[in-house]
Number of protein chains: 2
Amino acid sequence: MTAPDHDRLARAALTHIVEPGDEHAGRALRRHGAARFLELLREEDGGVRDREAPSDPSEAEPFPGTGAGRVEGWRRRARTAAPERDLELVTRLGGRFLVPGDTEWPRQLDDLEDARPIGLWVRGPADLRGWALRSVAVVGARACTPYGAHTAATLAAGLAERGWVVVSGAAFGIDGAAHRGALGSGGATVAVLACGVDVAYPRGHAALIRRITEQGLVIGELPPGAHPTRSRFILRNRVIAALTRGTVVVEAQYRSGSLVTARAAASLGRHTMGIPGPVTSGLSAGVHELLRGEATLVTDAAEIVELVGSIGQLAPPRRGPVLPRDLLAPATARVLEALPGHDPAPLTAIAARAGTHPDHTLAKLYELHSLGFVERRKDDWQLTNRRTEASNARHGGT
Amino acid sequence: MTAPDHDRLARAALTHIVEPGDEHAGRALRRHGAARFLELLREEDGGVRDREAPSDPSEAEPFPGTGAGRVEGWRRRARTAAPERDLELVTRLGGRFLVPGDTEWPRQLDDLEDARPIGLWVRGPADLRGWALRSVAVVGARACTPYGAHTAATLAAGLAERGWVVVSGAAFGIDGAAHRGALGSGGATVAVLACGVDVAYPRGHAALIRRITEQGLVIGELPPGAHPTRSRFILRNRVIAALTRGTVVVEAQYRSGSLVTARAAASLGRHTMGIPGPVTSGLSAGVHELLRGEATLVTDAAEIVELVGSIGQLAPPRRGPVLPRDLLAPATARVLEALPGHDPAPLTAIAARAGTHPDHTLAKLYELHSLGFVERRKDDWQLTNRRTEASNARHGGT
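What counts and how
Residues numbered from 1 in each chain as written. Chains lettered and ligands numbered in written order. Predicted model: local features only at pLDDT ≥ 70, side-chain atom pairs only at ≥ 80, totals over all residues. Helix = DSSP H or I, 4+ residues; strand = E, 2+ residues; numbered from the N terminus. Buried ≥ 20, exposed ≤ 12 C-beta atoms within 10 Å, placed from the backbone. Domains from an automatic or database assignment. Contact = placed C-beta atoms within 7 Å. Pairing = 2+ DSSP bridges. Axes fitted to C-alpha atoms, helices over the stretch in contact; angles between N-to-C directions. Nonpolar A, V, L, I, M, F, W, Y, C, P; charged D, E, K, R; others polar. Parallel < 35°, antiparallel > 145°, perpendicular 65-115°, else oblique. pLDDT = per-residue confidence, 0-100. Least-squares fit on C-alpha atoms with pLDDT ≥ 70 in both. Left-handed = near helix turned anticlockwise from the far one by under 90°.

Draft legend 1. Representation of the overall build of chain A within the structure. Counting its regular elements, chain A contains 17 helices and 12 strands. Burial status across chain A gives 52% buried among its 398 residues.

What follows is the structure, encoded as structure tokens:
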């Protein structure tokens with residue numbers, strides 16, 4: 001299923017026009033739809049031409065409650081929007097632009113209501129929706145301590161080994177350690193950027209971000225070429241919080257951005273977790289504050305999975321897949337068929353049998369995992385245990 | 001008020017006969033009273049002489065539900081009990097033997113029900129009941145890290161500066177650091193021993209324990225000369241938990257004795273708190289386990305006081321004293337009168353005006369603090385702010 005192209009094009013333009021998380025724009029989008037919203041911004045006289053006798057009464061005042069300055073900013077940026085060029089550029093980079101309604105759209109973002117991203121620019125071989133279903137955010141301070149970096153990397157590796165996707169913000173410090181920990185254990189990771197997906201920020205992480213576009217997913221709300229700002233960093237955090245089943249804060253000072261992510265996660269009903277540290281460390285003070293409030297103290301990946309793993313309606317591996325095999329995309333089905341009947345197999349063997357690149361095979365394996373078809377056992381993958389399934393069905397009732 | 005001497009003498013004997021926390025003995029004590037319980041143990045034929053026609057039917061079977069082996073052990077130790085000698089020895093050391101009913105008896109120990117101490121051997125100048133009302137236990141591992149020792153000492157100093165009494169077990173590691181932190185900031189501390197109050201255990205803490213007998217309180221359930229055993233250490237912990245308003249665990253491995261204290265505190269309705277540490281430290285693993293359950297994460301003395309300070313019915317300083325001045329013991333009243341009318345004064349000045357030794361003056365000041373008459377301000381003491389009292393009365397209602 002793909003959304004109509006005029007909606008996609010309008011939304012691509014709007015990611016250039018509207019700052020992330022602008023709820024005024026969210027309301028306008030809900031009221032007018034993306035194409036008409038864009039049209040209203042592009043009309044010469046500001047969409048109030050027919051104020052005396054409007055054809056549609058709702059357009060007499062198209063943006064009620066939205067200040068003139070904000071609308072003026074939208075109009076100004078509407079003049080420089082070039083969505084066809086942006087879409088083409090991202091396609092050339094092997095990427096895509098997702099909009100609500102797409103099969104790959106992660107529906108948990110709808111919890112953000114009017115602050116929901118207008119669309120998501122995506123690079124990488126995996127299915128974002130499938131990955132997000134079994135993902136955990138690992139976030140924290142840029143200027144972290146060696147203890148924090150070590151802990152973030154260890155947690156991320158442990159999560160990856162248990163088949164969970166590690167989501168973070170590609171920043172220095174905890175974020176980078178988390179991405180590297182996941183990649184380093186042959187796992188899945190998603191970087192949510194506060195800039196265009198073609199912009200390597202921070203520059204010192206250019207190689208890391210490139211690696212994630214090849215083996216994981218790099219996503220963002222901002223169009224190609226857009227640069228991060230302070231407010232974009234902060235608003236990016238709500239996407240990390242909404243996309244994942246829980247957020248783990250590893251190190252954070254008082255009033256740090258990671259606490260914003262954690263509180264956003266809590267307010268969205270996601271699990272909020274914190275890694276304790278020495279009370280003598282200012283970099284743990286923010287985490288401890290969180291742990292004295294809404295967050296749960298966790299000390300390792302097993303405890304995190306125990307908490308976020310109760311995914312009930314989604315696709316718990318114990319209950320087996322929720323989607324019939326014949327609804328899988330052909331490339332995904334091919335990877336599933338490449339798994340041996342009973343025994344676990346390493347990624348390279350599965351990739352060879354499926355005839356796909358290992359990075360793509362891994363992407364599909366995590367997707368199949370989130371759908372309950374396969375499980376990760378240390379470095380190997382195997383089909384979900386049918387006996388467990390059968391035994392659950394036997395005990396499960398109706 | 002003093003309990004009748006024959007009860008005190010019998011209880012002194014029973015501390016030699018019965019192991020701490022023996023609920024069978026607690027039941028017998030409740031049923032027969034201390035003097036008759038002791039008599040029953042001393043009777044040649046085991047108190048069942050008149051089984052055919054008992055004078056009191058309850059004495060046909062004096063210890064129902066208690067195994068013969070346990071009773072035999074009591075009888076055997078009853079033969080060697082020498083309570084007069086023990087009481088004389090402790091008096092010579094400047095100590096005393098408290099029993100339920102004494103004014104100085106800390107009534108919160110009654111929460112232990114049949115495991116309540118039979119009596120308490122006490123050395124030191126302070127009033128145990130008054131001190132216990134505003135006390136916090138700081139406990140943890142013997143083989144602690146420098147981080148743990150530093151944190152325990154800092155917490156204890158902070159508690160002492162806020163007028164709180166630090167209770168611990170005089171062991172190496174966290175316990176010692178806590179006692180020293182309190183003493184080092186001119187504060188009050190209580191050591192609860194698992195041996196006689198004349199026995200310096202561990203030997204390496206002989207000087208510390210001596211200092212506490214001079215400036216604080218050294219207490220225990222066991223008679224003079226008794227040595228600690230593994231089970232005595234464990235059972236001592238219930239006294240620490242029951243005596244205090246809350247227990248803070250600083251460092252503890254899985255299955256450590258400090259966790260026993262913390263869980264005892266929780267089951268008695270006391271506040272249970274833990275100091276987090278690195279997840280990479282095995283010495284914080286037990287604390288983290290506790291924090292994932294019943295305990296509250298705390299990072300400094302202010303947070304501890306915030307939690308345990310809501311002492312409502314007891315004597316919150318904001319509401320002012322609950323006891324009329326003329327009910328104070330003469331020595332305590334003399335120290336209260338030695339405080340200047342408005343300004344804070346240092347301990348030495350107050351001691352000089354009261355004409356008492358500084359150690360004794362400090363003991364009385366903490367007692368007056370727990371009764372709401374005085375407050376500690378850093379290193380000085382002052383009368384409780386009458387304006388606060390008046391303003392609370394104005395807002396307080398009825």
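Draft legend 2. Broad picture of the domain arrangement of chain A. Residue and element names in this part refer to chain A. Along its sequence, chain A is carved into domain 1 (107-308) and domain 2 (317-396). Once you take the C-alpha centre of each, domain 1 and domain 2 turn out to be 26 Å apart. Facing 15 residues of domain 1, the contacting portion of domain 2 comprises 14 residues. Secondary-structure elements contributing two or more residues to the side of domain 1 that touches domain 2 are α6 (128-133) and α9 (206-215). Looking at the side of domain 1 that touches domain 2, the element that brings in the most residues is α6, giving three residues.

Draft legend 3. Spotlight on the pairing of strand β3 (residues 135-139) of chain A. Residues and elements named next belong to chain A. Across the five residues that make up β3, a large majority, five, are buried. Of the two faces of β3, the one holding Ser-135, Ala-137 and Val-139 and the one holding Val-136 and Val-138 are both buried throughout. Where β3 meets strand β4 (residues 165-168), three bridges bridge the pair, whose relative direction is parallel. Across the sheet, the residue bridging to Ser-135 is Val-165, located in β4. Sheet topology places β3 next to strand β7 (residues 246-249); three bridges connect them, and they run parallel. The residue of β7 that forms the bridge with Val-139 is Val-249.

Draft legend 4. Spotlight on the sheet that holds strand β5 (residues 189-193) of chain A. All names here are of chain A. Ordered by their spatial adjacency, nine strands build an open sheet running β1-β2-β6-β5-β4-β3-β7-β8-β9, and the pairing between neighbours is mixed. Each having just a single partner strand, β1 (96-98) and β9 (296-297) make up the two edges of the open sheet. Note that β7 and strand β8 (residues 271-274) share four bridges and pair parallel. Paired with Thr-247 across the two strands is Thr-272, which belongs to β8. The strands touched by helix α11 (residues 257-267) within the sheet are β3, β7 and β8, with β7 carrying the most contacts at an inclination of about 150°.

Draft legend 5. Spotlight on the interface of chain B and chain A. Across the boundary between the two partners, chain B contributes 14 residues, which contact 14 residues of chain A. Taken together, the elements giving at least two residues each to the side of chain B that touches chain A come down to α7 (146-161) and α12 (282-291) of chain B. Here the residues of the side of chain B that touches chain A are counted per class, giving seven nonpolar, five polar and two charged.

Draft legend 6. Structural context of the packing of helix α1 (residues 5-17) of chain A against helix α5 (residues 83-92) of chain A. Residue and element names in this part refer to chain A. For the pair α1 and α5, the least separation of the axes is 8 Å and the interaxial angle reads 95°. With respect to α5, the element α1 is oriented roughly perpendicular. Counted together, Leu-9, Ala-12 and Ala-13 of α1 and Pro-83, Asp-86 and Leu-87 of α5 form the full contact between these two elements. Of the residues assigned to the contact of α1 with α5, the class counts are five nonpolar, no polar and one charged.

Draft legend 7. Seen up close, the confidence of the model for chain A. Residue-level pLDDT values for chain A average 89, and 88% of them are 70 or greater. For this predicted complex, the interface confidence comes out at an ipTM of 0.78, alongside a pTM of 0.82.

Draft legend 8. Seen up close, unusual backbone geometry. With an omega of -5°, the peptide bond running from A:Tyr201 to A:Pro202 counts as cis. Structurally, A:Pro202 is set in the loop between β5 and α9. We note that B:Arg255 has phi near 60°; this positive angle belongs to a residue other than glycine.

Draft legend 9. Geometry of the environment of A:Gly94. All names here are of chain A. Tracing the backbone shows Gly-94 in the loop between α5 and β1. By the C-beta count within 10 Å, which is 12 here, Gly-94 ends up exposed. Expressed as a C-alpha distance, the spacing of Gly-94 and His-288, which sit 194 residues apart in the sequence, is 42 Å.

Draft legend 10. Focus on the relation of the copies chain B and chain A. Superposing chain B onto chain A requires a rotation of 179° together with a translation of 0.0 Å along the rotation axis, leaving an RMSD of 0.1 Å. What we have between these two chains is a two-fold relation. By C-alpha distance to the rotation axis, the residue of chain B lying nearest is B:Gly277, at 2.3 Å. Of all interface residues in chain B, 100% are interface residues in chain A too; the two copies therefore contact each other through one and the same surface.

Draft legend 11. Spotlight on the packing of helix α2 (residues 23-32) of chain B against helix α3 (residues 34-42) of chain B. Residue and element names in this part refer to chain B. Relative to each other, α2 and α3 sit at 115°, their axes nearing to 7 Å. Taken together, the axes of α2 and α3 lie roughly perpendicular to each other. When the axes of α2 and α3 are compared, the crossing they make is right-handed. Each of Ala-28, Leu-29 and His-32 in α2 lies in contact with α3, whose residues at this interface are Ala-34, Arg-36, Phe-37 and Leu-40. Tallied by class, residues from the contact of α2 with α3 come to five nonpolar, one polar and one charged.

Draft legend 12. Spotlight on the sheet that holds strand β12 (residues 380-383) of chain A. All names here are of chain A. What the three strands build is an open sheet, ordered β10-β12-β11; its pairing is antiparallel. Looking at which strands have only one partner, the edges of the open sheet turn out to be β10 (345-346) and β11 (374-377). As judged from the two bridges shared by β10 and β12, these two strands associate in the antiparallel manner. In the sheet register, Pro-346 faces β12, and the bridge partner there is Asp-380. Relative to β11, helix α16 (residues 358-370) is tilted by about 115°, and along the sheet it contacts β11 and β12.

Draft legend 13. Here's a closer look at the environment of B:Glu221. All names here are of chain B. Following the sequence through the fold, Glu-221 ends up in the loop between β6 (217-220) and α10 (230-243). Classification of Glu-221 as buried rests on a count of 26 C-beta atoms within 10 Å. For the pair Glu-221 and Gly-119, spaced 102 residues apart in sequence, the C-alpha to C-alpha distance is 6.3 Å.

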